[in-house]
Amino acid sequence: MNIDFDKTNGLVPVIIQDEKTLEVLMLGYMNQEAYDKTLQENIVTFFSRTKNRLWTKGETSNNFLHVKDIKLDCDNDTLLIKVTADGPTCHTGDRSCFKTEYNSNFINQLERIIDERYTHPAESSYVNKLRTKGLNKIAQKVGEEGVETVIAALAETEADLVNEASDLVFHLLVLLREKGLTLDKIAKNLEQRHK
């Protein structure tokens, strides 16, 4: 990348964005050394203007930001880094430094949670209980929740519909994970069909 560090006195702004939810998590600054270290370790390192030194996000909290993608803007003086965060990004303990009220892309986060429960099963986890019952039971639950969603839409309250639709989406995500599919694949298919 041809980053123009000279244009901004050696530092470029870096927007940190969650890879899956696309939520903006924070803004920091990098000099050439911080950028090089980030590339080398695949963990975000900034140049701290207050500490006047390199600062790896998570060096004290262990809430590291793992680099998934780096983009340079059209003026070559701002970076967008998509990450997977090990925990809250903000020093206050919030998910984002921008105090967003809720994660509008929580479905993507839920997909990650389900994947984590598949990868590291816990006996008490509902996902694990579904998983051990197999594909037929998971598919049956999607069907049941679909019917309950239709009934709620036709004859019940808005709150009932929201709850049933939430159950349907959750079980659909489990079914997709069981079949080795992701929301990304579904989104790409929808985008292609839209054209």
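Here the structure is a predicted model, which means the values were calculated and not measured. (Residues numbered from 1 in each chain as written. Predicted model: local features only at pLDDT ≥ 70, side-chain atom pairs only at ≥ 80, totals over all residues. Heavy atoms only, no water.)

Caption draft 1: Up close: the UniProt feature "domain: Phosphoribosyl-AMP cyclohydrolase" (unreviewed entry) in the protein. As annotated by UniProt and renumbered to match this structure, "domain: Phosphoribosyl-AMP cyclohydrolase" (unreviewed entry) occupies residues 26-99. From the first C-alpha to the last, residues 26-99 spans 10 Å; its make-up is 14% helix and 38% strand. (UniProt positions renumbered as here; feature names shortened; annotations may be inferred. Helix = DSSP H or I, 4+ residues; strand = E, 2+ residues; numbered from the N terminus.)

Caption draft 2: Just the pattern of salt bridges, in detail. What the rule picks out here adds up to ten salt bridges. One salt bridge in this structure joins Asp115 and Arg177, with 2.6 Å as the shortest N-O distance. Remark: Arg177 occurs in helix H5 (residues 158-178) and Asp115 occurs in helix H2 (residues 106-119); sequence separation between them is 62 residues. According to the relative accessible area criterion, Arg177 is partly exposed, its value standing at 26%. A salt bridge links Glu144 to Lys141; the shortest N-O distance between them is 3.6 Å. (Salt bridge = Lys/Arg side-chain N within 4 Å of Asp/Glu carboxyl O. Buried < 20%, exposed > 50% of the residue type's maximum accessible area, 1.4 Å probe, protein only.)

Caption draft 3: Structural view of the pairing of strand E1 (residues 12-18). Buried residues dominate E1, accounting for five of its seven residues. Pairing of E1 with strand E2 (residues 24-30) involves six bridges; the strand directions are antiparallel. For Gln17, the partnering residue across the bridge sits in E2 and is Val24. Where E1 folds back on E2, the antiparallel hairpin that results is connected by five residues, among which Leu22 adopts a positive phi of roughly 65 degrees. Direction of pairing for E1 relative to strand E6 (residues 79-85): parallel, over a ladder of five bridges. Its bridge partner lying in E6, Ile16 is registered against Ile81. (Pairing = 2+ DSSP bridges.)

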